[in-house]
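# Observations on the three-dimensional arrangement
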Amino acid sequence: MHEARFYTTEEENAVRCGLCAHRCLIKPGKTGICGVRRNDNGRLDSMVYGKLIAANVDPIEKKPLFHFQPGTSSYSIATVGCNFRCLFCQNADISQAPRDYGTVFGRDTDPHQVVRDALRTRCASISYTYTEPTIFMEFAMDVGVKAREAGLKNVFVSNGYMTPEALEEAAHTFLDAANVDLKAFRDRFYKEMCGARLDPVLDTLRLMKRLGIWLEVTTLLIPGLNDDPGELEELARFLVSLGPETPWHVTRFHPTYRLTDRAPTPVATIRKAREIGLKAGLLYVYAGNVPGEAGENTYCPQCGALVMKRYGFSTRPEGIRNGACAACGTAIHGVGLP
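The structure contained in this document is the topic of the report that follows. No experiment lies behind these values; they were computed from the predicted model shown. (Residues numbered from 1 in each chain as written. Predicted model: local features only at pLDDT ≥ 70, side-chain atom pairs only at ≥ 80, totals over all residues. Heavy atoms only, no water.)

### Examining the nonpolar core
Grouped together as the largest cluster of nonpolar side chains are 90 residues, with contacts concentrated most on I126, L182 and W248. What I126 contacts, discounting residues up to four positions off in sequence, is S74, Y75, V114, V115, A118, V143, A147, L152, K153, N154 and V155. The next biggest cluster of nonpolar side chains, apart from the first, holds ten residues, and it includes Y286, V307, I320 and C325. (Core = buried A, V, L, I, M, F, W, Y, C linked by side-chain atoms within 4.5 Å. Buried < 20%, exposed > 50% of the residue type's maximum accessible area, 1.4 Å probe, protein only. Contact = heavy atoms within 4.5 Å.)

### Quick word on the pattern of salt bridges
Between side chains of opposite charge, pairing is possible as soon as their charged atoms come close. A complete count under the given rule lists 19 salt bridges for this structure. The residue D108 makes a salt bridge to K51 at a minimum N-O spacing of 3.0 Å. Remark: K51 occurs in strand β7 (residues 51-52) and D108 occurs in strand β10 (residues 107-108); sequence separation between them is 57 residues. On the accessibility criterion, D108 (59% relative accessible area) is exposed. Note on K51: relative accessible area 26%, which makes it partly exposed. R206 is the salt-bridge partner of D203, the closest N and O atoms lying 3.0 Å from each other. Within this pair, D203 and its partner R206 are both found in helix α7 (residues 199-211), separated by three residues, close to a single helical turn. (Salt bridge = Lys/Arg side-chain N within 4 Å of Asp/Glu carboxyl O. Helix = DSSP H or I, 4+ residues; strand = E, 2+ residues; numbered from the N terminus.)

### Some remarks on the side chain of E138
When you line up the elements, E138 lands in helix α4 (residues 137-149). A polar side-chain atom of E138 sits 2.8 Å from the main-chain amide nitrogen of R5. Discounting residues that sit within four places of it in the chain, E138 has contacts with H2, E3, A4, R5, R37, S46 and Y49. (Polar contact = N/O pair within 3.5 Å; in protein donor to acceptor, adjacent residues only side chain to side chain.)

### Re the packing of aromatic side chains
If you walk through the whole model with that rule in mind, you get ten aromatic pairs. For the ring pair F88 and F189, a centre distance of 5.9 Å and an interplane angle of 45° mean the geometry is tilted. Of this pair, F88 sits in the loop between β9 (73-78) and α1 (92-95) while F189 sits in helix α6 (residues 187-194), and the two are 101 residues apart along the sequence. Side by side, F88 and F189 carry an identical accessibility label, which is buried. Each residue in the set F84, F88, Y161, F189 and Y190 is aromatic and connected to the rest through ring pairs, giving one cluster. (Phe/Tyr/Trp six-rings, centres within 6.5 Å; stacked < 30°, edge-to-face > 60°.)

### A few points about the packing of helix α5 (residues 164-173) against α7
When two helices pack together, their arrangement is given by the angle between the helix axes and the distance between those axes. Two elements in contact, α5 and α7, have axes separated by 11 Å at closest approach and are oriented at 25°. Judged by the inter-axis angle, α5 sits roughly parallel to α7. The handedness of the crossing between α5 and α7 comes out as right-handed. Listed contacts from α7 to P164, L167, E168, A171 and H172 of α5 are T204, L207, M208 and L211. In terms of residue class, the contact of α5 with α7 is built from six nonpolar, two polar and one charged. (Axes fitted to C-alpha atoms, helices over the stretch in contact; angles between N-to-C directions. Parallel < 35°, antiparallel > 145°, perpendicular 65-115°, else oblique. Left-handed = near helix turned anticlockwise from the far one by under 90°. Nonpolar A, V, L, I, M, F, W, Y, C, P; charged D, E, K, R; others polar.)

This is how it looks when you write it as structure tokens:
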């Protein structure tokens, strides 16, 4: 066991976890909602420190991040566990393992080895992904600090449910970029489908922008649940308030886990959502899980010229030079652009 951070000990050796917005009060011998932080008689332990369930080399576009070091590889790691219980989770076999199987498992790995593997595989960054990285924050921080020392960037693919104090420390010590799932713009959806609330996610998005973390947002559109045009207009206006340069990925749903009674999202719905985002004033809106769509590409927000062409997770620079549109000279927002 590895002692957790972000907690206080209260009466009768209960502990209050301050890592995520659930702020669980955990009695001795029990775990929090995530299933991987356990109260050992007044001391909160991380049960997954260094216990990797996945370690892969991915294109950064898979996160998805389209404006952060495009065309590079990211060394992607995860442990089991999650502080959400999304009924449509595509990685439920690992994210929900502590809840569904009552067990924690993974391959013991130390932070030095993760960084060595990232460098050996010529990755430009390390991504904390697949499950919710907040729940293994202690390990992510130890890896991230060493990664930054080695010249690597650090990326969270997150549900955005961390506390401000945890996010601020991550931003100050290692975190460079994030893709956050804004799963809907209704609190009811978060409560019924994810076991969470909307407002803490919105607070996280605002704080990430203030802290200078490069931010992209993904919304998985599920037919009949979060694809109402009025709701999408509200969501898009919120993203514009963060900054119109914030990329928004509107992504196609496929039935999975415990949500198999819904059909895949019609491509027409994805196209409509993209139109809504652009009309609201967002500069970069992308169609996800629909390879070959023009909405995968990046276009100059000033003149409309194609600057980066994509198919799935592959990216090819077209009309971009030194981070600017080759046709009109307008700067394209992002980090590490060609």
